[in-house]
Amino acid sequence: MASSLESNKIAAALLTAGVIAMFSGFAAELLYHPEQLEENVYTVAGAEGDAPAAEVAEAPPALEPIGPLLASADPAAGESVARKCTACHSFDEGGPTKVGPNLYDIVNRQITSYEGYSFSDALLEKADQVWDYENLNGFLHRPRDWAPGTKMSFAGLRSEQERADIIAYMRGLSGSPAPLPQ
């Protein structure tokens, strides 16, 4: 019998709390009357008729050519930078395909020529191109900007020197490294 009375007390307390909350909402509506302003108090400066910002999106600034930096790039530093990539890529000759393709001998290879890897549509659209120094530079800078829709989730390397170093490192991963650009 005692547990039955306790259950009734709990139910009554919950109902009372709900009724109090409901009436406090009604009271707040009666006491507070917000006024709708005819115009915003704070205006954002801008020319009349400007297109929304999303429509005016500018193309990202063009990257400086990587060629001049490659002459003084440090392949050993590039190998250190490449450690960020080893979770998804292998760099050794005959290495396995991981989340991404093996990157041995990638410089001047056709973009989608690696056998046994399913490339994204974004890279398949660039199948007629090769991984030359400028394409590698653009892709390493911002993969998703260079190839919108790519499967690569890496944000990119902002530092030009890091990009030059890693490209110099990958250039050396070949039986006959590609010549440096003039």
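Below you will find a few notes about this structure. Each residue is numbered by its place in its chain's sequence as written, counting from 1. Where local features are concerned, this predicted model is filtered to residues with pLDDT of at least 70; where side-chain atom pairs are given and counted, the filter is 80 or more; whole-chain, interface and lining totals use all residues. The basis for every side-chain value is the complete set of non-hydrogen atoms in the structure, without hydrogens or water.

## Overview of the pattern of salt bridges
Salt bridges are counted wherever a side-chain nitrogen of Lys or Arg sits within 4 Å of a carboxyl oxygen of Asp or Glu. Throughout the structure, instances matching the rule amount to three salt bridges. The residue Lys9 makes a salt bridge to Glu6 at a minimum N-O spacing of 3.6 Å. You can see Lys9 and its partner Glu6 sitting in helix H1 (residues 2-31), three residues apart, about one turn around the helix. Partly exposed residues are those whose accessible area sits between 20% and 50% of the maximum for their type, while under 20% is buried and over 50% is exposed, using a 1.4 Å probe and protein chains only. On the accessibility criterion, Lys9 (54% relative accessible area) is exposed. Using a relative accessible area of 43% as the deciding quantity, one classes Glu6 as partly exposed. Arg142 serves as the salt-bridge partner of Asp145, at 3.6 Å between the closest nitrogen and oxygen. For helices the rule is a DSSP run of H or I covering at least 4 residues; for strands it is a run of E covering at least 2, with both sets numbered from the N terminus onward.

## Quick look at the nonpolar core
Soluble globular proteins tend to pack their nonpolar side chains together in the buried interior. Among buried residues, the Ala, Val, Leu, Ile, Met, Phe, Trp, Tyr and Cys ones that are joined through side-chain atoms within 4.5 Å form a nonpolar core. One finds Phe91, Leu123, Trp131, Ile166, Ile167 and Met170 to be the most contacted residues of the largest nonpolar core, which totals 33 residues. At the level of secondary structure, the elements contributing two or more residues to this core comprise helix H3 (75-82), helix H4 (121-124), helix H5 (133-141) and helix H7 (160-172). No other element matches the six residues that H7 contributes to this core. Any two residues whose heavy atoms approach within 4.5 Å at even a single point are treated as in contact. The contacts of Phe91, once residues within four sequence positions are left out, are Ala82, Cys85, Thr86, Asn102, Leu103, Tyr104, Tyr169, Met170 and Leu173.

## As for the side chain of Asn135
Here Asn135 shows up in helix H5. Using a relative accessible area of 12% as the deciding quantity, one classes Asn135 as buried. Excluding anything up to four places from it in sequence, Asn135 contacts Ile111, Gln129, Val130 and Trp146.

## Things to note about H5
Burial runs high along H5: eight of the nine residues are buried. Taken residue by residue, H5 has Tyr133, Asn135, Leu136, Asn137, Gly138, Phe139, Leu140 and His141 as its buried positions.

## Thoughts on the environment of Asp105
Mapping Asp105 onto the fold places it in the loop between H3 and H4. Measuring from C-alpha to C-alpha, the distance between Asp105 and Gly172 comes to 8.0 Å, with 67 residues separating the pair along the chain. If sequence neighbours within four positions are ignored, Asp105 has contacts with Leu173 and Ser174. Among the polar contacts made by the side chain of Asp105, one reaches the side chain of Ser174 at a distance of 2.8 Å. Think of a polar contact as two N or O atoms within 3.5 Å of one another; within protein, one of them needs to be a possible hydrogen donor and the other a possible acceptor, and neighboring residues in sequence only count if both atoms come from side chains.

## Re unusual backbone geometry
Outside of glycine, negative phi angles account for most residues, and trans bonds account for most peptide bonds. For Asp105, which is not glycine, the phi torsion reads 60° and is therefore positive. Take Asp105: its relative accessible area is 34%, and that puts it in the partly exposed class. Backbone geometry at Asn108 places phi at a positive 70°, although glycine is not the residue there. Mapped onto the elements of the fold, Asn108 is located in the loop between H3 and H4. Overall, the relative accessible area of 40% leaves Asn108 in the partly exposed class.

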